[in-house]
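Descriptive structure summary
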Protein chains: 4
Amino acid sequence: MRKSPVQGRSQATVETILEASAQILHREGEAALTTNRIAAHAGFSIGTLYQYFPNRDAILAAMAEREQRRVLARLETELATLDPADPEPAVRQAIRTFLGAFRGRHGVRRAIILATLRRLPKDAKDNASLAEPMLEAIEARCAGHFEPLGEAGRYVLLRAVAGAVRSAAFERSPLLGTEAFEEALVRLVMGMLRPIPATPRRLPEGAGN
Amino acid sequence: MRKSPVQGRSQATVETILEASAQILHREGEAALTTNRIAAHAGFSIGTLYQYFPNRDAILAAMAEREQRRVLARLETELATLDPADPEPAVRQAIRTFLGAFRGRHGVRRAIILATLRRLPKDAKDNASLAEPMLEAIEARCAGHFEPLGEAGRYVLLRAVAGAVRSAAFERSPLLGTEAFEEALVRLVMGMLRPIPATPRRLPEGAGN
Amino acid sequence: MRKSPVQGRSQATVETILEASAQILHREGEAALTTNRIAAHAGFSIGTLYQYFPNRDAILAAMAEREQRRVLARLETELATLDPADPEPAVRQAIRTFLGAFRGRHGVRRAIILATLRRLPKDAKDNASLAEPMLEAIEARCAGHFEPLGEAGRYVLLRAVAGAVRSAAFERSPLLGTEAFEEALVRLVMGMLRPIPATPRRLPEGAGN
Amino acid sequence: MRKSPVQGRSQATVETILEASAQILHREGEAALTTNRIAAHAGFSIGTLYQYFPNRDAILAAMAEREQRRVLARLETELATLDPADPEPAVRQAIRTFLGAFRGRHGVRRAIILATLRRLPKDAKDNASLAEPMLEAIEARCAGHFEPLGEAGRYVLLRAVAGAVRSAAFERSPLLGTEAFEEALVRLVMGMLRPIPATPRRLPEGAGN
DNA sequence: AATGAATGAGGATTCATTCAT
DNA sequence: CATGAATGAATCCTCATTCAT
C-alpha cells in the first residue's frame, strides 16, 4: 500500500477500488482486469488508483487478502458453533461450513486463486490457508479421539480437501452444491482419521495399555 | 494446427517448437514465453512458427497435450504391472507410479497447469485427467473387493489426490519425495474405499460382522 | 513566486522547501526531484508547496538562484582580500577562491547546472556568471598592467575557465583538488593576459625591453 | 541495439529513425523527443522503433555516437592537411577546423550534449572528446617546439577550449562565427604552450641543455 | 517453405497540478 | 494558511500477428 489513508475518504476509495476489481474479475475474467479499467469502473481516475497501490499486482494481492479475510471471518464464526463431542458430525459441519465459503462469486474466487497461484515462485505457503482453520477446529475439538496426523498427513489432508473443493469450484461442477459431494468429502476426511480405541476409559487404574 | 505435418521435416519442426517452449517455460517462467522468443529459441523465424500454429494459445495447448500424453504413456505402462491381488499394495504402487510422473521439469508442469487452468472459461474437464487412469487401474484390479465409489466419491477422490500432489509440486514442498507423503496419500485413498466383506456372502448366518 | 513571503514563517517555509530540494538532488539525483517528493521531504503538503511556487520550474530556478547567490557572496568577500600589486599571485588567489566555491555538494551543483542549462532555449546568459566577478576582481586590481581583453577575449577566457572547472566538477575528476590543476588554470589565465611593458613610458629612450 | 539489421531494409530503417530523432531535437527540443513522436516522424510504427532500440535512451546514445563519429571524421580529414612547421598557424587552423565542426544543427548538438551530460553519473570521460584529436594533431606536429603539457595542463586546455566553444554554441552567441572569437581561442591555446628555446640547434655538440 | 521487417492497439505507470475541505 | 485526495494527459514499452519478399 503506497499511502496509508489518513482521511476517511480515502479508505472508502480503496474499498471501492477493490470492489470494482472483484466485479470485473467476476464478470469479465482476469484478462479484463487492467488498471485503467479498474479505475474507470471504480469511478476514479487512474492516478487515484496509483495513490494507493504501487502496481497492478498489489491490487490483486490486496483483493486476495481481502477475500481471504472475509471468508476466514465467516468460517471462524461458524466453526465456533461446532459440537465438540461426536467426531463425524463435527467433521460434517466443518465441511459444510467450508463449502459454504466457496459459494457465490465463483469468478472472483477463481481469478483470485489463479492470480495467487501465479504469484508464488517459491514462497508458496497459503495454498490451503482456508482449509487450515477447519482442520484446527476439528483437531481442537476431537483431540484425544484420534491419532494425531503427522506432518505429511496434515499436509495431504489439507490439500486434498482444498484441492477437491477448488476443482469443483473451478470446473463449476454441478456436484458442488449436492449432498453427495459433501458426503464424499466427509468420507475423505474421516478415512484419514484413525480412532484411538476408547478402552483407556474403562481401565482408569491398572498397568494401562 | 494450421498445417498438418505430413512430411517428417514438418513433424520435427513442430516438435522443436514445442520443446523450445517447454524449455523457456522451465527456465524463464511463463512471462518469457512469447512467440518471438519461442521462435528464436527454436531456431526458426516467427513466420515459420505461424505456419504451424494459428496462434500462441495453440502452442500452449499443444504443449499441454504433449506433456499429458507423455506422462500418461509412462503411467499406463507402469500401471500395467500392477499386482491384482491385495488392494493396499496395489494402491501404494499406483500412488508411487503417479508420484513418479510428477518428477522432473516442475517448472514446465507448473506453467502448463497454470496456462491450462487459465484457459478454461467454462469448459473445464481435464482437471484430474492424470489421476483418472490411476483410479481406473485400481478399480479394474480390485473390483469386487470394494464398494464402488459413487460419482461424487470418484470425483472427490480424484481431485483430492491430484490436488494434494499438485499442491506439493507447486509449492515445491520438500515432502514431495518422502515416504511419509506417499504413505499419507495411500491412507487418503484407502480411507475412501469401503471393503466388501468377502466372507459374509458365503456365511449368511453366523457370528455376524 | 506566487506569494511574497512577508512573514518570517513564510520565509522559513520557502527556505525549507529549497533546502529539501537541494538535498534530494544531492542524494537521489534529478529524477527523484518531483514536487510531491519535495513536499514530503520538506514536511509540507503538496498544496503548501504550490502556495509558494507557481510550478516545478520555479522551484528549480529559485534553487539555482539561491545557490548562485551563496557562492557569489563567498566569492566576493574572499576576492576583496586580493593583493593589488603583483598580477600572477593575484590571479592565483582568484583562481583558488574560485575553485573553493566549487567544493562540496557537487551533486547539487551538477544538477542545478544541468537543470539550468536545460531551461535556456535561447535566452542564455548566465553561463559563466560565477567566473565573471573573478575576472572583474583581477581586472580591477591589475588594470594598467595588461592590455584590456576585447569582448571576445573576455568571453573566451570566462567560458574557458568556467568550462574547465565545470568539467572537472562534472566528471568528479581527481585533479579537482590538486595543485597541478590550479597551476594549469593560472597558466591558462596568465597566457591570455598580454602585459603592458610598464617602464618604456618612463624611459622612452634606453636599452629597451 | 536490439537487433542486428540482417536485411538491407532494416539498416535504412535505423538510419531513418536516427535522422528523425535529430530533426525533432533540432526543431523542437529534447522535450519533444518522445518515442512515439520519433516513430511517427520517421514514418514507422512505434513497434519498429523498438525492434532496433531497447529503450528511448539507446536512441539518444546512438544519435550521440553517430553525430560524434561524423564530426570526428570531418575533423580528422581536415586536420590531416595541417602544416607541420610553424606552430601558431597550425593552432589557428586546428581551431578553425574545430569551430567548423560546431556549425549547423546547433539544436542537435545542444540536445546531444545535454543528453550526454545527463547520462554520466560517474563514468564521465568523453566530455572533451572532440577537442582531443585536435590537441593530438597539434602535439604530433609541433613536438619538440614546446614543453609537453602535464596531465593537468592537457586536461585544462582541452576542457577550456571545449568549454568556450560549447558555451558559445549553447548560447548561440553571435561571436561564434567571428574572427575575433577564433583569434581569442588561438591566444588561449598559445598562451598555454611554453616554447622551447631553439638554441640547441646551434650547439649540436657541447655541454648541451 | 521460410523469412523477418513491420505493425499498432493497448498496457502499466508517472507526476505536475487543482481544489474542496 | 494548510491539507491531501483526486486528476488525467502523456510516456514508455510489449507482443501477437501479418505479409511482402
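Residues numbered from 1 in each chain as written. Chains lettered and ligands numbered in written order. Predicted model: local features only at pLDDT ≥ 70, side-chain atom pairs only at ≥ 80, totals over all residues. Heavy atoms only, no water.

Further remarks concern the overall build of chain A. Helix and strand content of chain A: nine helices and zero strands. Taken across its 209 residues, chain A has 47% of its residues classed as buried. Taking the contacts inside chain A whose residues are at least 6 apart along the sequence as the reference set, 70% of them involve residues at least 24 apart. By element, 53% of the accessible surface of chain A is carried by carbon and sulfur atoms, the whole surface being about 10400 Å². (Helix = DSSP H or I, 4+ residues; strand = E, 2+ residues; numbered from the N terminus. Buried < 20%, exposed > 50% of the residue type's maximum accessible area, 1.4 Å probe, protein only. Contact = heavy atoms within 4.5 Å. Areas by Shrake-Rupley, 256 points an atom, 1.4 Å probe, with all protein chains shown as cover.)

Each side of the interface is counted separately: chain D has 36 residues, and chain C has 37 residues. A buried area of about 3300 Å², summed over both sides, lies between chain D and chain C, and 61% of it is on carbon and sulfur atoms. Ranking the residues of chain D by area buried against chain C places Y155(D), E171(D) and R187(D) at the top, with a combined share of 21%. The tally of links from chain D across to chain C stands at four residue pairs in polar contact (both at pLDDT 80 or more). Where the side of chain D that touches chain C is concerned, the elements lending two or more residues are α6 (106-118), α8 (151-171) and α9 (179-192) of chain D. Per-element tally for the side of chain D that touches chain C: the top contributor is α8(D), with 13 residues. Per-class residue counts for the side of chain D that touches chain C are 20 nonpolar, six polar and ten charged. (Buried area = accessible area lost by both parts, 1.4 Å probe. Polar contact = N/O pair within 3.5 Å; in protein donor to acceptor, adjacent residues only side chain to side chain. Nonpolar A, V, L, I, M, F, W, Y, C, P; charged D, E, K, R; others polar.)

A separate point is the environment of Q23(D). Residues and elements named next belong to chain D. Residue placement: Q23 occurs in helix α1 (residues 8-28). Note on Q23: relative accessible area 26%, which makes it partly exposed. Separated by 15 residues in sequence, Q23 and I38 place their C-alpha atoms 9.3 Å apart.

Quick look at the environment of E19(A) now. Mapping E19(A) onto the fold places it in helix α1 (residues 8-28). Taking the relative accessible area as the measure of exposure, E19(A) reaches 23% and is therefore partly exposed.

This part takes up the nonpolar core. Of all hydrophobic cores here, the largest spans 86 residues; its most connected members are L185(C), V161(D), L185(D) and L188(D). Residue contacts for L185(C): discarding those within four places in its chain leaves I95(C), L99(C), V161(C), A164(C), V165(C) and V156(D). Counting residues in hydrophobic clusters, the runner-up holds 84 residues, among them V71(A), Y155(A), L185(A) and A101(B). (Core = buried A, V, L, I, M, F, W, Y, C linked by side-chain atoms within 4.5 Å.)

The contact between helix α9 (residues 179-192) of chain C and α8(D) brings their axes to 8 Å, and the two run at 50 degrees. The angle between the axes of α9(C) and α8(D) places the two elements in the oblique class. Crossing handedness for the pair α9(C) and α8(D): right-handed. Along the contact surface, α9(C) presents A180(C), F181(C), A184(C), L185(C) and L188(C), while α8(D) presents A152(D), G153(D), Y155(D), V156(D) and A160(D). (Axes fitted to C-alpha atoms, helices over the stretch in contact; angles between N-to-C directions. Parallel < 35°, antiparallel > 145°, perpendicular 65-115°, else oblique. Left-handed = near helix turned anticlockwise from the far one by under 90°.)

Right, let's get into the interface of chain B and chain A. Taken together, the contacts link 37 residues of chain B with 36 residues of chain A. Summing both sides of the interface, chain B and chain A together bury roughly 3300 Å²; the carbon and sulfur share of this comes to 61%. Counting the surface chain B buries against chain A, the share from its top three residues, Y155(B), E171(B) and R187(B), is 21%. The tally of links between chain B and chain A comes to zero salt bridges. (Salt bridge = Lys/Arg side-chain N within 4 Å of Asp/Glu carboxyl O.)

Under the fitted operation, chain D is carried onto chain C by 0.0 Å of movement along the axis and a turn of 179 degrees, and the coordinates agree to an RMSD of 0.3 Å. On this basis, the relationship between the two copies can be described by a two-fold rotation axis. An overlap of 100% is found between the interface residues of chain D and their copies at the interface of chain C, pointing to a shared contact surface. (Least-squares fit on C-alpha atoms with pLDDT ≥ 70 in both.)

Mapped onto this structure's residue numbering, the UniProt feature "DNA-binding region" (unreviewed entry) falls at residues 34-53 of chain A. Helix makes up 75% of residues 34-53 of chain A and strand 0%, and the two end C-alpha atoms of the span are 13 Å apart. (UniProt positions renumbered as here; feature names shortened; annotations may be inferred.)

On to the side chain of E182(A). All names here are of chain A. Secondary-structure assignment places E182 in helix α9 (residues 179-192). There is a polar contact of 2.8 Å between the side chain of E182 and the side chain of R96. Those residues within four positions of E182 in sequence are excluded, and the remaining contacts are R92, I95, R96 and L99.

This next bit is on the relation of the copies chain B and chain A. Each of the two chain copies goes to the other by way of a rotation about an axis and a shift along it. Once turned by 179 degrees and shifted 0.1 Å along the axis, chain B lies on chain A with an RMSD of 0.2 Å. Most of the interface of chain B is mirrored in chain A, where 97% of its interface residues are also at the interface.

A few words on the pattern of salt bridges. Per the counting criterion, the structure on display carries 45 salt bridges over all chains. The salt bridge involving E19(B) is made with R66(B); its shortest N-O contact spans 2.8 Å. On the criterion of sequence distance, the pair formed by E19(B) in helix α1 (residues 8-28) and R66(B) in helix α4 (residues 56-80) is long-range, its members being 47 residues apart. Take R66(B): its relative accessible area is 5%, and that puts it in the buried class. A single salt-bridge network, built from bridges that share partners, covers E88(A), R92(A), R96(A), E182(A) and E183(A).

Glancing now at the packing of aromatic side chains. Counted under the stated rule, the structure contains four aromatic pairs over all chains. On the numbers, 6.1 Å between centres and 70 degrees between planes, the contact of Y155(C) with F181(D) is edge-to-face. Of this pair, Y155(C) sits in helix α8 (residues 151-170) while F181(D) sits in helix α9, which puts the two residues in different chains. Each member of the pair Y155(C) and F181(D) is classed as buried. (Phe/Tyr/Trp six-rings, centres within 6.5 Å; stacked < 30°, edge-to-face > 60°.)

Quick look at the packing of helix α5 (residues 87-100) of chain C against α9(C) now. Residues and elements named next belong to chain C. Between α5 and α9, whose axes approach to 9 Å, the crossing angle comes to 125 degrees. In terms of orientation, α5 and α9 fall into the oblique class. Note on packing geometry: the crossing formed by α5 with α9 is right-handed. Facing E88, V91, R92, I95, R96 and L99 of α5, the residues of α9 in contact are F181, E182, E183, L185, V186, V189 and M190.

One turn of the α-helix equals 3.6 residues, which is why residues spaced by three or four share an orientation. All names here are of chain C. Between the first and last C-alpha of α5 there are 20 Å, a value that for 14 residues agrees with the 20 Å anticipated at 1.5 Å per step. The set of residues buried in α5 consists of P87, A90, V91, A94, I95, T97, F98, L99 and G100. Elements in contact with the buried residues of α5: α4 (56-80), α7 (131-142), α8 and α9. (Expected span 1.5 Å × (residues − 1).)

This part takes up helix α7 (residues 131-142) of chain A. All names here are of chain A. In this model, α7 (twelve residues) spans 17 Å end to end at C-alpha, consistent with the 16 Å of a helix rising 1.5 Å per residue. Those residues of α7 that fall on the buried side of the exposure criterion are A131, P133, M134, L135, A137, I138 and C142. Where α7 is buried, its residues contact α4 (56-80), α5 (87-101) and α8 (151-170). Backbone geometry just downstream of α7 places G144 in the positive-phi region, at approximately 95 degrees.

Moving on to the environment of L188(B). All names here are of chain B. Mapped onto the secondary structure, L188 falls in helix α9 (residues 179-192). Residue L188 is classed as buried on the basis of its relative accessible area, which comes to 0%. Along the backbone, L188 and V161 are 27 residues apart, and their C-alpha atoms lie at a distance of 7.8 Å.

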